[in-house]
Amino acid sequence: MQITENTSLKIYNTFGIEARAKLFGIIENSGDVQTCLPLIKEANQTLLIGSGSNILFTSDFDGLVLVNRILGKKVVVENEDEVLLRVYGGENWSDLVDFTVEQGWGGIENLSLIPGTVGAAPVQNIGAYGVELKESLVSLEAVDLNSGEVIQLTNEDCGFSYRSSIFKTTFKGRFLILSVLFKLFKKPTLNLSYGPLKAAFAERNEDEVSVKEVSEAVKSIRRSKLPDPEELGNAGSFFKNPVVPFSKLEKLVAQFPDVPFYKVDDKNFKLAAGWLIEKSGWKGKRFGDAGVHEKQALVLVNYGNASGKEVYELSEKIKESVKSNFGIILETEVTII
Ligand code: NAP
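**Observations regarding the pairing of strand β11 (residues 150-154)**
In the case of a regular strand, side chains alternate between the two sheet surfaces.
Right, so step 1: Residues Ile151 and Leu153 line the buried face of β11, whereas the alternating positions Val150, Gln152 and Thr154 sit on a face that is not buried.
Right, so step 2: Bridge count between strand β10 (residues 137-144) and β11: five bridges; the pairing is antiparallel. Opposite Glu141, over in β11, you have Gln152 as the bridge partner.
Right, so step 3: Between β10 and β11, which pair antiparallel one after the other, the connecting turn spans five residues, and Gly148 there sits at a positive phi close to 85°.

**Considerations on the sheet that holds strand β15 (residues 261-263)**
Right, so step 1: As summarised here, the arrangement of the three strands in space is β14-β16-β15, forming an open sheet in which the pairing is antiparallel. Two strands close off the open sheet at either side, each with one partner strand: β14 (243-245) and β15. Neighbour-to-neighbour, the strand axes of this sheet turn through a mean angle of 35°, independent of strand direction.
Right, so step 2: Its contacts with the sheet place helix α5 (residues 246-255) against β14, β15 and β16 (268-271), and it is angled at close to 95° to β14.

**Here we look at the sheet that holds strand β1 (residues 3-8)**
Right, so step 1: Overall, mixed pairing links the four strands, which are arranged β1-β2-β5-β3 in an open sheet. Either end of the sheet is taken by a strand with one partner, and the two such strands are β1 and β3 (46-49). Strand-to-strand, the axes of this sheet are offset by a mean angle of 35°, without reference to chain direction.
Right, so step 2: Examined bridge by bridge, β1 and strand β2 (residues 20-27) share five bridges and lie antiparallel to one another. Residue pairing in the sheet places Thr4 in a bridge with Phe24 of β2.

**Quick word on the nonpolar core**
Right, so step 1: Ranked by internal contacts, the top residues of the largest apolar core, which has 43 residues, are Ile277, Val311, Ile318 and Ile328.
Right, so step 2: Looking at this core element by element, the count peaks at five residues for helix α7 (residues 308-326).
Right, so step 3: Those residues in contact with Val311 that lie beyond four places of it in its chain are Phe15, Ile17, Leu56, Phe238, Ala290, Leu300 and Ala306.
Right, so step 4: Counting 42 residues, the second-largest nonpolar core is a separate cluster that includes Leu85, Val131, Ile151 and Ile177.

**Here's the deal with the site of the ligand**
Right, so step 1: The ligand sits among 18 residues. The nearest are Arg163, Tyr194, Lys270, Gln296 and Glu333.
Right, so step 2: Here Tyr262 contributes a side-chain N or O atom positioned 3.4 Å from a nitrogen atom of the ligand.
Right, so step 3: Glu333 is positioned with one of its side-chain polar atoms (N or O) 2.7 Å from a nitrogen atom of the ligand.
Right, so step 4: Elements supplying a minimum of two residues to the shell around the ligand: β8 (127-128), α4 (211-225) and β13 (233-237).
Right, so step 5: Classifying every residue of the shell around the ligand by side-chain character gives seven nonpolar, six polar and five charged.

**Some remarks on the pattern of salt bridges**
Right, so step 1: A full pass over the atoms with the stated rule returns 16 salt bridges.
Right, so step 2: With a closest N to O distance of 3.8 Å, Lys22 and Asp62 form a salt bridge. In this pair, Lys22 sits in strand β2 while Asp62 sits in strand β5 (residues 61-68), placing the two residues 40 residues apart along the sequence.
Right, so step 3: For Asp62, a relative accessible area of 39% puts it in the partly exposed group.
Right, so step 4: The salt bridge involving Glu82 is made with Lys183; its shortest N-O contact spans 3.6 Å. Taken together, the residues span a long stretch of sequence, with Glu82 in strand β7 (residues 82-88) and Lys183 in strand β12 (residues 175-185) at a distance of 101 residues.

**Here we look at unusual backbone geometry**
Right, so step 1: A positive phi is found at Asn6, a non-glycine position, where the angle reads about 45°.
Right, so step 2: Along the chain, Asn6 turns up in strand β1.
Right, so step 3: Under the relative-accessibility criterion, Asn6 is labelled partly exposed at 47%.
Right, so step 4: Non-glycine residue Leu113 carries a positive phi angle of around 65°.
Right, so step 5: Considering the arrangement of structural elements, one finds Leu113 in the loop between α2 (93-103) and β8.

Each value, and the rule that gives it
- Residues numbered from 1 in each chain as written.
- Predicted model: local features only at pLDDT ≥ 70, side-chain atom pairs only at ≥ 80, totals over all residues.
- Heavy atoms only, no water.
- Buried < 20%, exposed > 50% of the residue type's maximum accessible area, 1.4 Å probe, protein only.
- Helix = DSSP H or I, 4+ residues; strand = E, 2+ residues; numbered from the N terminus.
- Pairing = 2+ DSSP bridges.
- Axes fitted to C-alpha atoms, helices over the stretch in contact; angles between N-to-C directions.
- Contact = heavy atoms within 4.5 Å.
- Core = buried A, V, L, I, M, F, W, Y, C linked by side-chain atoms within 4.5 Å.
- Near = heavy atom within 4 Å.
- Polar contact = N/O pair within 3.5 Å; in protein donor to acceptor, adjacent residues only side chain to side chain.
- Nonpolar A, V, L, I, M, F, W, Y, C, P; charged D, E, K, R; others polar.
- Salt bridge = Lys/Arg side-chain N within 4 Å of Asp/Glu carboxyl O.

Scope: geometric values only; no functional claims are made or implied.
In structure tokens:
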């Protein structure tokens, strides 16, 4: 594999931000990872990326950037009910969903059209329309970058939670995910619980709805409100949805009776960050080339030549205003570099 110096990362992040990596390489197989281990030890920092769809560069990266492009997928076990499918980390996530849907295998159809790679998906336990990656992930294979050892981690080992895992917290940067083992179902139970999906199939008997139809509905809903990174730089939801205790929710509802909320457990409720941002007046606002998407306030966009700093500064202003309007501190979902 080739390691290059002072490499532009513009095509390696879906925000389309210009930033340079001191050292840069593309990993195509597990041998490449082993080749890189000495470099990783020497570099003062290493950043692993898939398609760069959840990252914002606010400066050049003074270290080693490695892009995971390990490709391949194979059926490990198949019977009349289920399929165990191993998929390598550099595969495109959305293409994988399309492949499973074409086979009629259910489990990840609600996660259609999410930008990113298979190896990056466990890092933040990607989720959409009531389904999370952790529900179909059996285990994964990763290289421990400290020792070079290849290890197997079970679903439980990964410490999945809402848009997070050990790969984003305790063991950030420690493991390179080589492959993921998925369990998919031939007679799946569909999840049509989210409003737009429920509405799309309101007239139908749920038993007759196919995974392909669900996938098509998710794609159509996403296309109607979320920008395509190929056309407009963005990294999906910029902030996480905040979770608040009942006491806080009660106060909010008294002040803003139309605030949407969803029960997480007996004590906690999830609020829609997009709603808080929209109510604070940010939806569709543009400052130079950095802006808030006109159809979904949770998504920050780069209209062309925004710098990472400009997008970051915009995100900080949004946080301040949501805090002053609602007393809620938004957390960033995107990784800021
Ligand atoms: P939306 O329909 O405008 O709803 C706003 C938020 O309310 C969502 O983020 C969702 O939380 C929550 N919500 C809506 N219906 C719910 C229900 N029945 N039960 C529990 N929570 C509910 O959301 P959107 O922005 O168009 O996104 C639709 C889905 O795609 C969401 O699941 C969202 O997370 C996902 N998505 C993720 C990204 C990303 O970059 N991570 C980007 C775009 C969309 P949850 O986020 O917890 O589902």
